[in-house]
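# Notes for the structure review
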Amino acid sequence: MTPEHRSDVTMPLPSGLAAVEQEIARACSDCGRDRAEVTLIAVSKTFGPDAITPVIAAGQRVFGENRVQEAKAKWPALMEAYPGIGLHLIGPLQSNKAKEAVALFDAIHSVDRASICQALAKEIESQKRQPELFVQINTGEEPQKAGVAPHEADDFIRRCRETYGLSIAGLMCIPPVDDAPAPHFALTAKIAARNGLAKLSMGMSADFATAIRLGATHVRVGSAIFGHRG
Ligand SMILES: *Cc1c(COP(=O)(O)O)cnc(C)c1O
């Protein structure tokens, strides 16, 4: 997308963001999808306001963080200064942070166990705030990684809905680093389809174009926009 097509642009696109926008547009047109079906989440973890502000000024409005405390320290001031920011939690959530997470985030991509469901249901009810919820699927069944195993996904999604009364928007996955990502994206899409879930959070800097071709509605892109994390 070129700057003149963005209504809210006030500065030229930083080069990383421009390249990512271009690749998203190409992936969408390759597979006949509308660019508007794909939300770019600019993953700003570890970066401070100096790096984030130019990306906001270029028109980007959806950002991702992987830690509640870090997000709480840097985003309230930025959100005050720039209206219309959407903040997504893409990293693991502890039950004792559910209150802060529901208060701060517009989406949570890491719902993966009963204790989190219970804590989220309680906070959604008491704060009258409803972040969009994604169930994380551990498609590679990696023991060190968060997420629900694929064979437990249908049952977990049913319990989210029936036991905890949660409205689940979609699924999220992080493929194993050494695997080809496409089969993991395809598996996540298949589980979503059979559970009536419309949204798919998948694809990072190295593989977001592949994810878009396999149906991603949310791509989480950090280093391709902000550069390497220290
Ligand atoms: C850091 C992170 C990303 C972004 O990774 P890049 O490779 O820098 O694009 C995406 N998703 C999750 C869950 C992350 O923690």
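Residues numbered from 1 in each chain as written. Predicted model: local features only at pLDDT ≥ 70, side-chain atom pairs only at ≥ 80, totals over all residues. Heavy atoms only, no water.

With that settled, consider the overall build of the protein chain. When helices and strands are counted, the protein chain shows nine helices and eight strands. For the protein chain, whose C-alpha radius of gyration is 17 Å, the value lies close to the compact-globule estimate of 17 Å for 230 residues. Viewed in the frame of its principal axes, the protein chain has a C-alpha envelope of about 50 × 40 × 30 Å. Taken across its 230 residues, the protein chain has 49% of its residues classed as buried. At a minimum sequence separation of 6, the contacts of the protein chain that also span at least 24 residues come to 59%. Surface accessibility of the protein chain: about 10500 Å² in total, with carbon and sulfur atoms responsible for 52%. (Helix = DSSP H or I, 4+ residues; strand = E, 2+ residues; numbered from the N terminus. Rg over C-alpha atoms; globule rule 2.2 N^0.38 Å. Buried < 20%, exposed > 50% of the residue type's maximum accessible area, 1.4 Å probe, protein only. Contact = heavy atoms within 4.5 Å. Areas by Shrake-Rupley, 256 points an atom, 1.4 Å probe, with all protein chains shown as cover.)

As a further point, take the layout of surface pockets. Put simply, the largest pocket is a space of about 510 Å³. If you trace the largest pocket, you find 24 residues lining it, with Lys 45, Ile 174, Met 204, Arg 220 and Arg 229 closest to the centre. The class makeup of the residues in the lining of the largest pocket is twelve nonpolar, six polar and six charged. (1 Å grid on protein atoms, 1.4 Å probe; cavity = no way out; pocket = protein on both sides within 12 Å on 5 of 7 lines; lining within 4 Å. Points joined across faces, edges and corners; volume = space filled by probe spheres on them. Nonpolar A, V, L, I, M, F, W, Y, C, P; charged D, E, K, R; others polar.)

Quick look at the site of the ligand now. Looking at the ligand, the residues that line it are Val 43, Lys 45, Ile 90, Met 172, Ile 174, Met 204, Ser 205, Arg 220, Val 221, Gly 222, Ser 223 and Arg 229. For the ligand, an oxygen atom lies 2.7 Å from a polar atom in the side chain of Lys 45. Note that an oxygen atom of the ligand is positioned 2.8 Å from one of the side-chain N or O atoms of Arg 229. Relative to its unbound accessible area of 390 Å², the ligand is 89% covered by the protein chains. More than half of the atoms belonging to the ligand lie within 2 Å of the grid points that define the largest pocket. Looking at the shell around the ligand residue by residue, the classes come out as six nonpolar, three polar and three charged. (Near = heavy atom within 4 Å. Polar contact = N/O pair within 3.5 Å; in protein donor to acceptor, adjacent residues only side chain to side chain. Sits in = over half its atoms within 2 Å of the grid points.)

Attention shifts here to the confidence of the model for the protein chain. For any part of a model where pLDDT is low, the fine detail of the predicted coordinates should not be relied upon. When the pLDDT values of the protein chain are averaged, the result is 94; 95% of them are 70 or greater. Here residues 1-9 is a poorly scored stretch, pLDDT under 50, and it has 17 contacts once near neighbours within four places are set aside; other chains count. (pLDDT = per-residue confidence, 0-100.)

This part covers the side chain of Thr 139. Mapping Thr 139 onto the fold places it in the loop between β5 (132-137) and α6 (153-162). Overall, the relative accessible area of 8% leaves Thr 139 in the buried class. Beyond its immediate stretch of four places on either side in the chain, Thr 139 contacts Pro 150, Cys 173, Pro 175, His 184, Leu 187 and Thr 188.

Using the criterion set out here, one finds 15 salt bridges in the structure. Here Lys 72 ties to Glu 100 by a salt bridge, and the two come within 2.8 Å at their closest N and O atoms. Placement of Lys 72 in helix α3 (residues 68-81) and of Glu 100 in helix α4 (residues 98-104) is noted, with a sequence separation of 28 residues between them. Residue Glu 100 is classed as partly exposed on the basis of its relative accessible area of 22%. Overlapping salt bridges bring together Glu 65, Glu 70 and Lys 74 as one network. (Salt bridge = Lys/Arg side-chain N within 4 Å of Asp/Glu carboxyl O.)

Checked against the element boundaries, His 109 lands in strand β4 (residues 107-111). On the basis of relative accessibility, which here comes to 0%, the residue His 109 falls in the buried class. A distance of 2.8 Å separates a polar atom in the side chain of His 109 from a polar atom in the side chain of Ser 201. In this structure, His 109 is in contact with Ile 41, His 88, Leu 89, Ile 90, Phe 134, Gln 136, Met 172, Ser 201, His 218 and Arg 220, ignoring residues within four places of it in sequence.

Right, let's talk about the nonpolar core for a bit. Generally speaking, nonpolar side chains in soluble globular proteins are found buried as a group. Counting 62 residues, the largest nonpolar core has Phe 63, Leu 120 and Val 135 as the members making the most contacts within it. Those residues in contact with Phe 63, other than ones at most four positions away along the chain, are Ile 41, Ala 42, Ser 44, Ile 52, Val 55, Ile 56, Trp 75, Ile 85, Gly 86, Leu 87, His 88 and Phe 226. (Core = buried A, V, L, I, M, F, W, Y, C linked by side-chain atoms within 4.5 Å.)

The next point concerns helix α7 (residues 182-194). Under the 1.5 Å per step criterion, the end-to-end length of α7 is 19 Å for 13 residues, consistent within 8% with the ideal 18 Å. Those residues of α7 lying buried are His 184, Phe 185, Thr 188, Ile 191 and Ala 192. The buried residues of α7 occupy an angular sector of 125° when the element is viewed end-on, so they sit on one face. Exposed residues lying more than 90 degrees from the buried face of α7 are Pro 183, Lys 190 and Ala 193. (Expected span 1.5 Å × (residues − 1). Arc of directions from axis to C-beta.)

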